[in-house]
Each structure stands twice: as structure tokens, then as C-alpha cells.
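Chains, contacts and geometry: an overview
Each chain, written out:
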Amino acid sequence: MTLRFGSEQSLQDQTTAAQFVGAMLTRGTEKYSREQLKDELNKLGATLSTSSSTGKLSVYIDAKRSTLPAVLDLLEEVLRHPTFPEKEFDLLREASVQSLKKGLTDPT
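Residues numbered from 1 in each chain as written. Predicted model: local features only at pLDDT ≥ 70, side-chain atom pairs only at ≥ 80, totals over all residues. Heavy atoms only, no water.

This part takes up unusual backbone geometry. Non-glycine residue aspartate 13 carries a positive phi angle of around 60 degrees. As for its placement among the helices and strands, aspartate 13 is situated in the loop between helix 1 (8–11) and helix 2 (15–25). In this structure, phenylalanine 84 takes a positive phi of about 45 degrees despite not being glycine. Inspection of the secondary structure puts phenylalanine 84 in the loop between helix 4 (68–80) and helix 5 (86–105). (Helix = DSSP H or I, 4+ residues; strand = E, 2+ residues; numbered from the N terminus.)

Under the definition given, this model contains one aromatic pair. Relative to phenylalanine 89, the ring of phenylalanine 20 lies with its centre 5.7 Å away and its plane at 55 degrees, an arrangement referred to as tilted. In this pair, phenylalanine 20 is assigned in helix 2 and phenylalanine 89 in helix 5, connecting sequence segments 69 residues apart. (Phe/Tyr/Trp six-rings, centres within 6.5 Å; stacked < 30°, edge-to-face > 60°.)

Soluble, globular proteins show a tendency: their nonpolar side chains are buried together. Core analysis: the biggest nonpolar cluster contains 11 residues, these being Leu25, Leu37, Leu41, Ala46, Leu48, Leu57, Val59, Val71, Leu74, Leu75 and Val78. If you list the elements that add at least two residues to this core, you get helix 3 (34–44), strand 3 (56–62) and helix 4. Take this core: its biggest share by element is four residues, from helix 4. (Core = buried A, V, L, I, M, F, W, Y, C linked by side-chain atoms within 4.5 Å. Buried < 20%, exposed > 50% of the residue type's maximum accessible area, 1.4 Å probe, protein only.)

Contact pair helix 2 / helix 5: the axes reach a minimum separation of 11 Å and the direction vectors enclose 125 degrees. The orientation of helix 2 with respect to helix 5, classified from their angle, is oblique. Relative to helix 5, helix 2 is oriented so that their crossing is right-handed. The residues of helix 5 that touch helix 2, namely those facing Phe20, Ala23 and Met24, are Glu88, Phe89, Leu92, Arg93 and Ser96. (Axes fitted to C-alpha atoms, helices over the stretch in contact; angles between N-to-C directions. Parallel < 35°, antiparallel > 145°, perpendicular 65-115°, else oblique. Left-handed = near helix turned anticlockwise from the far one by under 90°. Contact = heavy atoms within 4.5 Å.)

Time to look at the pattern of salt bridges. Under the criterion given, the structure shown has five salt bridges. The shortest N-O distance in the salt bridge between glutamate 88 and arginine 34 comes to 3.0 Å. Placement of the pair is glutamate 88 in helix 5 and arginine 34 in helix 3, with a sequence separation of 54 residues. The salt bridge involving aspartate 90 is made with arginine 93; its shortest N-O contact spans 3.1 Å. With aspartate 90 and arginine 93 both in helix 5, this residue pair falls three residues apart, about one helical turn. Each of Arg27, Arg34 and Glu88 takes part in salt bridges that share partners, so that together they form one network. (Salt bridge = Lys/Arg side-chain N within 4 Å of Asp/Glu carboxyl O.)

Attention now goes to the sheet that holds strand 2 (residues 47–53). The strands making up a sheet are joined through hydrogen bonds of the backbone, oriented either antiparallel or parallel. Taken in spatial order, the three strands make up an open sheet running 1-3-2, and their pairing is antiparallel. Looking at the sheet topology across the chains shown, the edges are occupied by strand 1 (2–4) and strand 2. Averaged over all adjacent pairs, the angle separating strand axes in this sheet is 20 degrees, with direction ignored. Here seven bridges tie strand 2 to strand 3, and the two strands are oriented antiparallel to one another. Within strand 3, the residue paired with serine 52 across the bridge is leucine 57. (Pairing = 2+ DSSP bridges.)

In C-alpha cells:
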């Protein structure tokens, strides 16, 4: 599923922030921590991932028909009640920095 967000004016100079939105959505909600979300998805035998770029959020779900309603309930929680935990943002930012540093030394 692809969701569009923002306008040309609201997204101006927000490219980096927009790229972090997708990754941050599954790192905590009002009801679930990152680990709790992961545990719930494991119980359901499902996969839920989100990614984003400027003005675009992509959601990928892999679930059996019988567990799809529960996975969609989790998706609703992720999309409507994210908390964007500062600790998780710091971890994501550090991973991004490390990836960029690796790119400076690894020619591939």
C-alpha cells in the first residue's frame, strides 16, 4: 500500500526527515513498544514493514488470510498512534551514520 502525504511547501527541505518516518512508525506506538509489536507479529506469523521517501509512505504486509484482520488492527495502531521514541530515533540515526561512513571506505 502506498500513502501520499504533505504538499510541496510542507515537504520543502524535509527530505531526510521524510525518509525516517517509515522506519520510525514501527518503533513504538501508544500501545506497543518496538519489541511488543515484533512479538505480536510473530504470534500472528505475519510481517509488517514500512518505508518512506519525500511525500510517500509504503506499507508491506505478509499475512495469512486468517490473521490479516489482526495485522490490519496493528497497522492502524502504527499509522494512527506512533510515538516516535527518542531512543529509537537515536538508534536509527546512528545506524544511518554508520552506513554512510562505511560507504566512504567501501567502494562497492
